[in-house]
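Residues per chain are reported as follows:
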Amino acid sequence: MYFGGVNIIDNERFHERVEDQSYYGQILFDQLRILFSHIVPNIVGSVLIVLIYYWVFRDSFTTNLQYYWFGVLISLFIIRLYLYSRFIKGTIEHDPKKCLIIYTVIMFLTGATWGGIIFIPTDLMDNQLIALTLVTLLLALSCISSISSSAHPAVIWSFLIPVGISASYYLMNSASEEYGLIIGLGAIAFCGAAGFVGHTIHNMIVSALYLQNRNMSLMDEVVKIAKQNQKSYESFQILLDNLGAGAAMFDKDDKVISWNKSFEGIFSMPKGLIKQGMSMRELVRKIIKQSWKDAIDVSQAAEAHIKELMLPSEEKTMVKLVLADGRNLYSKVMRINDEQTVLNYTDVTTLEQARTDDIIHVLQHDSLTGLPNQILLKKIIDSRISEFDGTTRSKKNKQKKPFMGLVHFGLNSLNEIYEFLGLGAGDMVVTEVANRCAEFLGDGVQLYHTAYDEFHIITEVEQDRKQAMSLVDELIKYVGEPIDVNGNSITMTVSVGISVYPDHADKTDMLIRNAKIAYNKAKLPNEDNIVIYNHGMHSEIMERSNILFDIHDSMKKSQFSLHYQPQIDIKSRNICGVEALLRWQHPDKGWISPSDFIPLAEHTKQIIPLTEQFLPEACLQAKKWQDMGLPPIRMSVNISPFHFHERGFTKFIKTCLENANLDPELLELEITEGVIMNQTEEIINTLHELTKLGVQLSIDDFGTGYSSLSYLRRLPVDKLKIDQAFIKDMANDESALSLVEAVIRLGHSFNLNVIAEGVETEEQLNKLFAMNCDQAQGYFIKKPDSADVISQWLQGNHM
C-alpha cells in the first residue's frame, strides 16, 4: 500500500523494523497513549451498564454477591484511573513495557469480573430470555472493548478470554437450552470474531504509527543533512521536495527558510502565498485561513495549534490538525539545533478512512457468508419504511398501497449435521445455502444472514402476499436440492415466517419480531413450514407467558395437586399400581389442562421444582396406602428428561424413598424415549444407579418416538407403556391394532412387562387380554381422582 509517496513495507520487513528498539519503544508508547485515551469514556460507559444492571435486577438479587462484584469492579476502575493520571503526568513514559503488563493484568481482572456477572443468582435469571440477553450484552461489551483496546493485542485478549470463557461456560452448562453447546461454541466464535476485529484495527494502528515514525526518521535524516551542511540549501531542498510529508524549515527566530512542494500541495496553497521570512505563527494562520476561510476564528485556532506544537512535554507526540474538507493531518515540530527548526505535516486521511470502512464492514456483515447482518437489516427496513411514509404523503401516490414483505427463514436439523459430520460440515451447508439464495434471488433482492442458521429477505418487486409466497415456494425448492458435503448427500428443509408492512407492523422492530413469531410457529410440529403472521399469534404468546408466570406463583401458593389413576393386571383384574398425575386448579381460571402447562413447564425447566415438590408426596401416599392395610401398590411417576441432566438426581430419589420409608421396588419412574436415545455417559450412569437402587423404569408413550431395539437390549428398562393414541384407534384401524400387538410381542421378547394406557371400553380391554398384554389403565378402569377418592376406591376393590 502507498501513502504520501511512501511504500509501507511488507509484514516481514515491518516486523524486522519494529524489533529495532528505536521504533519499538516509540510505537509502544504511542499504543499506550491510544489505550489510555479510551479509559475515561470506557469507564463511564461501564458504570452506565452497571447502573442499568442494578436497576433491572434491583428487587431480584438472592445473595449479596452483587455488592462484592460491584466493589471489585469499582476498585479496578480506580486503579485504571490512577494509571491514567500517572500517564498524563508523564511519570510512566520511561518504562512503557512495564506499564503495558500492569494494564493487561488489570484488563484481565476486569474481564473476569465482568464475566462473573452472569453467575450472580437472581430470581429473574430463571427467565431464559433475560439470562441470554445478559450474555448477549456481555458479548456485545466484549466486542466494544476489543475495538477500544485494539491498540495492543495483549489487552484485547486479556479482556476477551475471561469474558468469553464465562459466557460459553454458562451457555454450555445451561440445561434449559436444547442447543446449549452450539450456542456456547457460538459465544466462543463471537469472541474470536471480536478479537479478529480488534487485531484488524490493531494492524492498521501499528501501520499508521510506523508510518509516523518512518516520516520522523526521514525528518531525522533531513536534520542530519542540515547539520552536516547548513549553508547548502540546494540539496536540502531536493530532499524536502521528495518527502511524502509536507515540511517547512525555520531559523532561530522562527522565520521560514525553506519548504517543499508537498507543504503547498497539502493545504492547496497558491504559489507565492508562502514567503521566506514569514513567521511560524503567520504561516499557521495562513494554513488555517486557507482551509477554513471565515468559518472559524482564525486567530484563536492558530494560537491553539501553535501552543500544541510547541509544548515541550509533547515533543514526541504528533499533533492532529483537522481541515475544513475533513482531511486529518498529523504534524510535529523538530529542532535541528539552536539555529533551525523543521515543521512537518502528514496527511493520514486515506489510512484512517480505510480503517473506518473496514471496521464498519466487519460490524455490518457476517464473517462466514459475507452477507449483510442484523445491523444492516434494521437500517434498510428503517429506510424503506421512511420511503413508504414519504410516498404515502405524496398526492400523486395516494392510490398505491405500500407493500413490503419480510421473510425470516431458517434451516431445520442443522444440529444433526453437527453431531454426525462436525462443525465444519455445518459451515459448508450454511455457506452453500447462502450462495444458493444469493444466486436464486439475484443482485436486486436483499438477503441477510442474521443468525448462524437463519436468514432474512426483504421483498423488492413483490406487490402482495401471493407474490411473496410464490417467491418463498420457489426458493425452498431451490434450497432443498441435495448438497454434497464431503461425499455425503444432504437435503435441507427450511421453516419460514413472513410478516408484512404495513398490515402486521409499521415499525422496524415490530416487523422483525412478528416475522420471528411466525418463524417459530412454522418450526412447531404439525405446522406448515411457511407461516404468515397474524395478530392472534401474539395473543397466544401472551397467554403462554401468563401461564408461565402463573406456574411460578401457583407453586408458591400450593395450587397444584396430585391425582392418581389405578393400573390393573389384565389377567387377574387385580390392582397392581397407580400413576401420579399433576393437576392445576387456578383460583381465577379454574382447572387448567396438563397439555397446556406441562409443555411450558418443560420448556422453562419449571418442571424440575414441580417434580421435586410432588414426587415426595407421591412416595408418602404409596406408603400411606400400605399402612392402611392395602397390598403393596407400585407408584408410577413421570420424570422430565431435564432431571437426568441435574446433578444429584439419584440422591434425590433415594431421599424421597427414605423419608417415606418406601420400598424402592414400589416406585416406578416413567421416562421418554428421548432420554433413552440420548445415551450420554451421564444419562447411562444415572439409569444404572436408579436400577441398582431398586427403582423400576418404564418407557412412556412407546412407539411415538425413535423406538430403537438396541436400547431395549442394553439399558435397564422394566416396562413398555403403549401410547393411548394406538389403543384408541385399535377398533377402527387395523394398522394400529397390528402395531399394538407388535409392541406387546417386542416387549415380551425382551422380558419386559407391557402396559396399555387410555383404555376406555371393555372391548379394548378384551382385545388387549387376547393379545396377552400385561397391564392396563384408563377411564374404563378408573379416571384420575384425588388421593381420598382413590383410597376409598382401592379399599372397595381390595375388600
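For the structure, see preceding data.
The following paragraphs examine the structure supplied in this document. (Residues numbered from 1 in each chain as written. Predicted model: local features only at pLDDT ≥ 70, side-chain atom pairs only at ≥ 80, totals over all residues. Heavy atoms only, no water.)

## Looking at the overall build of the chain
In terms of helices and strands, the chain carries 29 helices and 23 strands. A burial count over the chain gives 48% of its 799 residues as buried. Summarising the internal contacts of the chain: among those between residues at least 6 apart in sequence, 65% fall at separations of at least 24. For the chain, the accessible surface area stands at approximately 40,000 Å², while carbon and sulfur atoms represent 54% of it. (Helix = DSSP H or I, 4+ residues; strand = E, 2+ residues; numbered from the N terminus. Buried < 20%, exposed > 50% of the residue type's maximum accessible area, 1.4 Å probe, protein only. Contact = heavy atoms within 4.5 Å. Areas by Shrake-Rupley, 256 points an atom, 1.4 Å probe, with all protein chains shown as cover.)

## As for empty space enclosed by the protein
Scanning the entire structure with this criterion turns up three cavities of 30 Å³ or more. The computed volume of the second largest cavity comes to approximately 40 Å³. Around the second largest cavity sit V407, F409, V472, L475, I476, V479, V494 and V496, which together line it. When residues of the lining of the second largest cavity are traced back to their parent elements, those giving at least two are β8 (404–411), α17 (465–479) and β13 (494–501). Ranked by residues supplied to the lining of the second largest cavity, first place goes to α17 with four residues. Residue composition of the lining of the second largest cavity, grouped by class: eight nonpolar, no polar and no charged. (1 Å grid on protein atoms, 1.4 Å probe; cavity = no way out; pocket = protein on both sides within 12 Å on 5 of 7 lines; lining within 4 Å. Points joined across faces, edges and corners; volume = space filled by probe spheres on them. Nonpolar A, V, L, I, M, F, W, Y, C, P; charged D, E, K, R; others polar.)

## Observations regarding the environment of I653
By the element assignment, I653 lies in helix α22 (residues 649–660). When the C-alpha atoms of I653 and L667 are compared, they prove to be 9.5 Å apart, with 14 residues separating the residues in sequence. Filtering out sequence-adjacent residues up to four positions away, I653 remains in contact with L615, L667, L669, L690, L693 and V695.

## Re unusual backbone geometry
For the bond from Y501 to P502, the omega torsion is 5°, close enough to zero to count as cis. Its location among the elements puts P502 in the loop between β13 and α18 (508–522). One non-glycine residue, N661, adopts positive backbone phi at about 55°. Take N661: it is sitting in the loop between α22 and β19 (667–671). By relative accessible area, which is 56% here, N661 ends up exposed.

## Points about the pairing of strand β5 (residues 319–322)
A regular strand carries its side chains on alternate faces of the sheet. Burial along β5 is one-sided: V319 and L321 are buried, and none of K320 and V322, which face the opposite way, are. Relative to strand β6 (residues 328–335), β5 runs antiparallel, the two sharing four bridges. Of the residues in β6, the one forming a bridge with V319 is S331. (Pairing = 2+ DSSP bridges.)

## With respect to the sheet that holds strand β7 (residues 341–347)
Spatially, the five strands line up as an open sheet ordered β4-β3-β7-β6-β5, and their pairing is antiparallel. Each edge of the open sheet carries a strand with a single partner, namely β4 (256–259) and β5. Here the average twist between neighbouring strands, direction ignored, is 25°. Sitting on the sheet, helix α12 (residues 298–309) touches β5, β6 and β7, and the angle it makes with β5 is about 160°. (Axes fitted to C-alpha atoms, helices over the stretch in contact; angles between N-to-C directions.)

## Some details on helix α28 (residues 762–770)
Within α28, burial applies to Q764, L765 and L768. Burial along α28 is one-sided: seen end-on, the buried residues are contained in an arc of 100°. Of the surrounding secondary structure, the elements contacted by the buried residues of α28 are α26 (724–728), α27 (734–749), β22 (753–757) and β23 (775–777). N772 lies just past α28 and shows a positive phi near 70°. (Arc of directions from axis to C-beta.)

## Quick notes on the sheet that holds β8
Sheet architecture is open: five strands sit in the order β9-β10-β8-β13-β14, paired in mixed fashion. With partners counted over all chains shown, the strands left at the sheet margins are β9 (446–451) and β14 (530–532), one partner each. Going from strand to strand, the sheet's axes swing by 20° on average, the running direction of each strand aside. Two elements, β9 and strand β10 (residues 454–458), share five bridges in a ladder whose sense is antiparallel.

## What to know about the pattern of salt bridges
Here the structure, examined in full by the defined rule, presents ten salt bridges. In this structure, E454 and K516 form a salt bridge, with 3.4 Å as the shortest nitrogen-oxygen distance. Residue E454 is found in strand β10, and its partner K516 is found in helix α18; the two are separated by 62 residues along the sequence. One salt bridge in this structure joins K721 and E757, with 3.9 Å as the shortest N-O distance. With K721 in strand β21 (residues 719–722) and E757 in strand β22, the pair connects residues that are 36 residues apart, well separated along the chain. The same class applies to K721 as to E757, namely buried. The structure contains a network of salt bridges with shared partners spanning E579, E670, K721 and E757. (Salt bridge = Lys/Arg side-chain N within 4 Å of Asp/Glu carboxyl O.)

## Looking at the packing of helix α16 (residues 423–441) against α17
One way to put it is that α16 packs onto α17 with a least axis distance of 10 Å and a crossing angle of 135°. Looking at the two axes, α16 sits oblique to α17. Our pair here, α16 against α17, has a crossing hand that is right-handed. Where α16 abuts α17, its residues V433, R436, C437, E439, F440 and L441 lie against L471, E474, L475, Y478 and V479. In terms of residue class, the contact of α16 with α17 is made up of eight nonpolar, no polar and three charged. (Parallel < 35°, antiparallel > 145°, perpendicular 65-115°, else oblique. Left-handed = near helix turned anticlockwise from the far one by under 90°.)

## Things to note about the packing of helix α19 (residues 535–556) against helix α20 (residues 594–603)
In contact at an axis separation of 10 Å, α19 and α20 are set at 80° when each is read in the N-to-C sense. Classed by the angle they form, the pair α19 and α20 counts as roughly perpendicular. Residues R544, I547, L548 and I551 of α19 pack against D596, F597, L600 and A601 of α20. Partitioned by chemical class, the residues of the contact of α19 with α20 number six nonpolar, no polar and two charged.

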